[in-house]
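Examining the three-dimensional arrangement
Each chain, letter by letter, is given below.
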There are 2 protein chains.
Amino acid sequence: MVKDELDHKILCYLKENSRASYAQIGREIGLSASAVGERIQRLEQTDVIKGYRTLIDPKKMGFSVSAYIHMSLESKNFHSFVATLDSFSEIEHCSRVTGETCLIMKINVKDSDHLQRFIDRLAKHGNPSTQVILSDIITA
Amino acid sequence: MVKDELDHKILCYLKENSRASYAQIGREIGLSASAVGERIQRLEQTDVIKGYRTLIDPKKMGFSVSAYIHMSLESKNFHSFVATLDSFSEIEHCSRVTGETCLIMKINVKDSDHLQRFIDRLAKHGNPSTQVILSDIITA
DNA sequence: ATTGAAACTTATCCACT
DNA sequence: AGTGGATAAGTTTCAAT
């Protein structure tokens, strides 16, 4: 778990720059590299840190359309559908939520043709509703 | 830009493990560490790589409620509201989208009290509609 | 829990290809 | 555009505190 202010500072720093070296973080917060390393190892083992990701511009990878899709499913189909989600490479995020729609997902597709095919695939399992992303204002 | 299959492999690998060393990536794809380093530097400079992030469990940081909030605004208020978004530390993602709602955001708050206060803050500028996240099924 | 030193690994630069 | 060698920097482990 997050024990003290030093852990908090390490996490704040790592959050925005996961390739920072232990030595660099140590300099920032006034701790030796080995102490930083040990703390980070503990934060990884206790699942406070869930992974290290690289933010890649989907447009520059040929995925020029991004969208949020909301999807309602009949409860009897929910779990079987969720089990198939890994096969949808287009999905960046997917969360189960309260309210009328059961799932909200963020997806990246090549073009509107690809979007159409993706929606058609979803529509076999439920009722997708799409909002195309015009711009990302905050990207964590 | 992404030039060839090797760039693509580097990005796929970095995407899921941004702390991998150049040597480690090189071993994976059959390239020397220096060549990997040069390619990654180019991918950073051409903004294919937009940053390196650490995935932190918000629950373990004391933010036990996450939600999607949709918000419609009058067009005349849109840009002034967007300019104030940086002051909302609770927002993890925010995108402008097509359709009835102008913005979709993902937020992390401490508890339902905090959620209520956050919604009240938004409500001064537009019409927020909230769906609480029950579970994250896919987290990129 | 943190430090500092030792042994190991990686990043960066550059000459060569 | 890639390799391999040299050097500087970083990581990891561990005994001491």
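Residues numbered from 1 in each chain as written. Chains lettered and ligands numbered in written order. Predicted model: local features only at pLDDT ≥ 70, side-chain atom pairs only at ≥ 80, totals over all residues. Heavy atoms only, no water.

This paragraph deals with the protein's contact with DNA strand C. Close to DNA strand C lie 14 residues; Lys3, Ser32, Glu38 and Arg39 of chain A together with Tyr22 of chain B are nearest. The sugar and phosphate moieties of DNA strand C supply 71% of its atoms located within 4 Å of the protein. Within the side chain of Ser34 of chain A, one N or O atom sits 3.1 Å away from a base oxygen of DNA strand C. Between Arg27 of chain B and DNA strand C, the recorded distance is 3.1 Å, taken from a side-chain N or O atom to a phosphate oxygen. Looking at the surface near DNA strand C, the elements with two or more residues in it are helix H3 (33-45) of chain A together with helix H2 (22-29) of chain B. Take the surface near DNA strand C: its biggest share by element is 4 residues, from H3 of chain A. (Near = heavy atom within 4 Å. Polar contact = N/O pair within 3.5 Å; in protein donor to acceptor, adjacent residues only side chain to side chain. Helix = DSSP H or I, 4+ residues; strand = E, 2+ residues; numbered from the N terminus.)

Attention shifts here to the environment of Leu55 of chain B. Counting through the fold element by element, Leu55 of chain B comes out in strand E1 (residues 49-56). In the structure, Leu55 of chain B is positioned 84 residues away from Thr139 of chain B in sequence and 9.1 Å away in space, judged by C-alpha atoms. Apart from the residues within four sequence positions on either side, Leu55 of chain B is in contact with Val48, Ile49, Lys50, Gly51 and Arg53 of chain A together with Thr139 and Ala140 of chain B. (Contact = heavy atoms within 4.5 Å.)

Turning our attention to the interface of chain B and chain A. Often, the extent of an interface is quoted as the loss of accessible area on bringing the components together. Contacts between the two partners involve 52 residues from chain B, matched on the other side by 53 residues from chain A. Our count for the contact surface shared by chain B and chain A stands at 2 salt bridges. Scanning the region where chain B abuts chain A turns up 43 residue pairs in polar contact (both at pLDDT 80 or more). Mapped onto the side of chain B that touches chain A, the elements with two or more residues apiece are helix H1 (5-16), E1, strand E2 (65-72), strand E3 (91-97), strand E4 (103-109) and strand E5 (127-139) of chain B. (Salt bridge = Lys/Arg side-chain N within 4 Å of Asp/Glu carboxyl O.)

In the Ramachandran plot, Asp47 of chain A falls in the positive-phi region, its phi being about 60 degrees despite a non-glycine side chain. Following the sequence through the fold, Asp47 of chain A ends up in the loop between H3 and strand E1 (49-56).

Quick look at the state of the cysteines now. All names here are of chain A. One pass over the full model with this rule turns up 0 disulfides over all chains. This cysteine, Cys94, is not joined by any disulfide, and Cys102 carries the nearest cysteine sulfur, 11 Å off. In this structure Cys94 comes out as buried when scored by relative accessible area, which is 0%. (Disulfide = S-S within 2.5 Å. Buried < 20%, exposed > 50% of the residue type's maximum accessible area, 1.4 Å probe, protein only.)

Here we take up the layout of surface pockets. Within this model, the second largest pocket holds a volume of roughly 230 Å³. Taken together, His70, Ser72, Gly99, Glu100, Thr101, Asn127, Pro128, Ser129 and Gln131 of chain A together with His70, Ser129 and Gln131 of chain B make up the full set of residues lining the second largest pocket. Elements with a minimum of two residues in the lining of the second largest pocket: strand E2 (65-72) and strand E5 (127-139) of chain A together with E5 of chain B. Considering only residue class, the lining of the second largest pocket consists of 1 nonpolar, 10 polar and 1 charged. (1 Å grid on protein atoms, 1.4 Å probe; cavity = no way out; pocket = protein on both sides within 12 Å on 5 of 7 lines; lining within 4 Å. Points joined across faces, edges and corners; volume = space filled by probe spheres on them. Nonpolar A, V, L, I, M, F, W, Y, C, P; charged D, E, K, R; others polar.)

Looking now at the pairing of E5 of chain B. Of the pairings in the sheet, the one linking strand E3 (residues 91-97) of chain A to E5 of chain B comprises 5 bridges and is antiparallel in character. When the sheet's bridge partners are listed, Val97 of chain A is paired in E5 of chain B with Ile133 of chain B. Strand direction decides the pairing type here: E2 of chain B and E5 of chain B, joined by 6 bridges, are antiparallel. Note on E5 of chain B: the bridge partner recorded for Met71 of chain B is Pro128 of chain B. (Pairing = 2+ DSSP bridges.)

Residues and elements named next belong to chain A. The contact between helix H1 (residues 5-16) and helix H2 (residues 22-29) brings their axes to 10 Å, and the two run at 125 degrees. The angle between H1 and H2 falls in the class oblique. Like other packed secondary-structure pairs, H1 and H2 cross with a definite hand, here right-handed. Within the contact between the two elements, H1 uses Leu6, Lys9, Ile10, Tyr13 and Leu14 and H2 uses Gln24, Ile25, Glu28 and Ile29. (Axes fitted to C-alpha atoms, helices over the stretch in contact; angles between N-to-C directions. Parallel < 35°, antiparallel > 145°, perpendicular 65-115°, else oblique. Left-handed = near helix turned anticlockwise from the far one by under 90°.)

The analysis is restricted to geometry; functional conclusions fall outside its scope.
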